[in-house]
Amino acid sequence: ITLSGSVEDVFIFQIVGTLTVYAGIKFILISDGSGGGTPSASNIVWQSAMAVEIGPNAHVEGIFLCKTYVALAAGASLNGRILAQEAATLGESCRIIAPPPGLLQPPPPPLPPSPPSPPPSPLPSP
């Protein structure tokens, strides 16, 4: 599966049932040629109404949200995050890398206001 875009693009996929990624499948992120970089895994969301099953030695990108469970088989890798309501199962030698914050991440909290500056000193009289 190849997603082409820039670092500012957002991809949202909604799956009615179970999302199954078969053994050896690789998700590849490439630039769209606009000079805006490649898509960020933080801006790719996979929403499954049931489960997510990632096969052996498959590589996926994005944030996976699912109703029941996420299962990564042996040797599978993920550049992203897993959020499941019931369970997450990781096979032997799975690798999960959290991506840097993207457009879908909340902004940092605002800085506290600076204290007011003191009034300027009066100029001496001549």
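For the structure, check the block above.
Residues numbered from 1 in each chain as written. Predicted model: local features only at pLDDT ≥ 70, side-chain atom pairs only at ≥ 80, totals over all residues. Heavy atoms only, no water.

Enquirer: How would you summarise the nonpolar core if you had to cite specific residues and measurements?
Expert: Membership of the largest hydrophobic core comes to 18 residues, with the highest contact counts inside it found for Val52, Ile54, Val60 and Phe64. Within the residue set of this core, elements represented by two or more residues are β3 (19–21), β5 (44–48), β6 (52–54), β7 (59–66) and β8 (69–72). No other element matches the 3 residues that β7 contributes to this core. Setting aside anything within four residues of it in sequence, one finds Val60 in contact with Val21, Phe27, Ile54, Ser77, Leu78 and Asn79. (Core = buried A, V, L, I, M, F, W, Y, C linked by side-chain atoms within 4.5 Å. Buried < 20%, exposed > 50% of the residue type's maximum accessible area, 1.4 Å probe, protein only. Helix = DSSP H or I, 4+ residues; strand = E, 2+ residues; numbered from the N terminus. Contact = heavy atoms within 4.5 Å.)

Enquirer: I'd like to hear about the sheet that holds β8, residue by residue, with values.
Expert: If you walk across this open sheet you meet the 4 strands as β3-β6-β8-β10, and the pairing is parallel. What marks the edges here is a single partner per strand, and that holds for β3 and β10 (87–90). Strand after strand, the sheet turns through a mean of 5 degrees between neighbouring axes, direction not considered. For β3 and β6, the ladder comprises 3 bridges, and the chain directions are parallel. If you follow Thr20 over to β6, its bridge partner there is Glu53. (Pairing = 2+ DSSP bridges. Axes fitted to C-alpha atoms, helices over the stretch in contact; angles between N-to-C directions.)

Enquirer: An account of a nonpolar patch on the surface is requested, with residue identities and associated values reported.
Expert: A surface patch of nonpolar side chains, about 320 Å² in accessible area, is lined by Ile1, Tyr22 and Ile25. Turning to its location among the elements, Ile1 is positioned in the segment before β1 (2–5). (Patch = residues over 30% accessible without salt bridge, like charges linked within 9 Å, V, L, I, M, F, W, Y side chains within 5 Å. Areas by Shrake-Rupley, 256 points an atom, 1.4 Å probe, with all protein chains shown as cover. Salt bridge = Lys/Arg side-chain N within 4 Å of Asp/Glu carboxyl O.)

Enquirer: Can you tell me about the packing of aromatic side chains, naming the residues and giving the values?
Expert: Tallying each qualifying case throughout the model produces 3 aromatic pairs. Seen from their ring centres, Phe27 and Trp46 are 5.2 Å apart, and the 45 degrees between their planes marks the pair as tilted. With Phe27 in the loop between β3 and β4 (28–31) and Trp46 in strand β5, this pair connects stretches of sequence that are 19 residues apart. Taking relative accessible area as the criterion, Phe27 reaches 5% and is therefore assigned buried. Overall, Trp46 belongs to the buried group, its relative accessible area being 6%. An angle of 5 degrees between the planes, with centres 5.9 Å apart, marks the rings of Trp46 and Phe64 as stacked. A residue pair is termed long-range when its members are at least 10 positions apart, and Trp46 in strand β5 and Phe64 in strand β7 qualify at 18 residues. Both residues of the pair, Trp46 and Phe64, belong to the buried class. (Phe/Tyr/Trp six-rings, centres within 6.5 Å; stacked < 30°, edge-to-face > 60°.)

Enquirer: Describe unusual backbone geometry, and please don't skip the residues or the numbers.
Expert: Positioned with a positive phi, Asn57 is a non-glycine residue whose angle comes to about 60 degrees. With respect to the helices, strands and loops of the structure, Asn57 is situated in the loop between β6 and β7. Relative accessible area serves as the criterion here: at 47%, Asn57 is assigned to the partly exposed category. One non-glycine residue, Ser93, adopts positive backbone phi at about 60 degrees. On the secondary structure map, Ser93 appears in the loop between β10 and β11 (95–97). When its relative accessible area of 56% is taken as the criterion, Ser93 is described as exposed.

Enquirer: Which residues make up the pairing of β1, and what are the values?
Expert: Judged by which residues are buried, β1 turns out to be one-sided: Leu3 and Gly5 face inward and are buried, whereas Thr2 and Ser4, on the alternate face, are not. Two elements, β1 and β4, share 4 bridges in a ladder whose sense is parallel. Following the sheet pairing, Thr2 is matched in β4 by Ile28.

The values are spatial; any link to function lies outside them.
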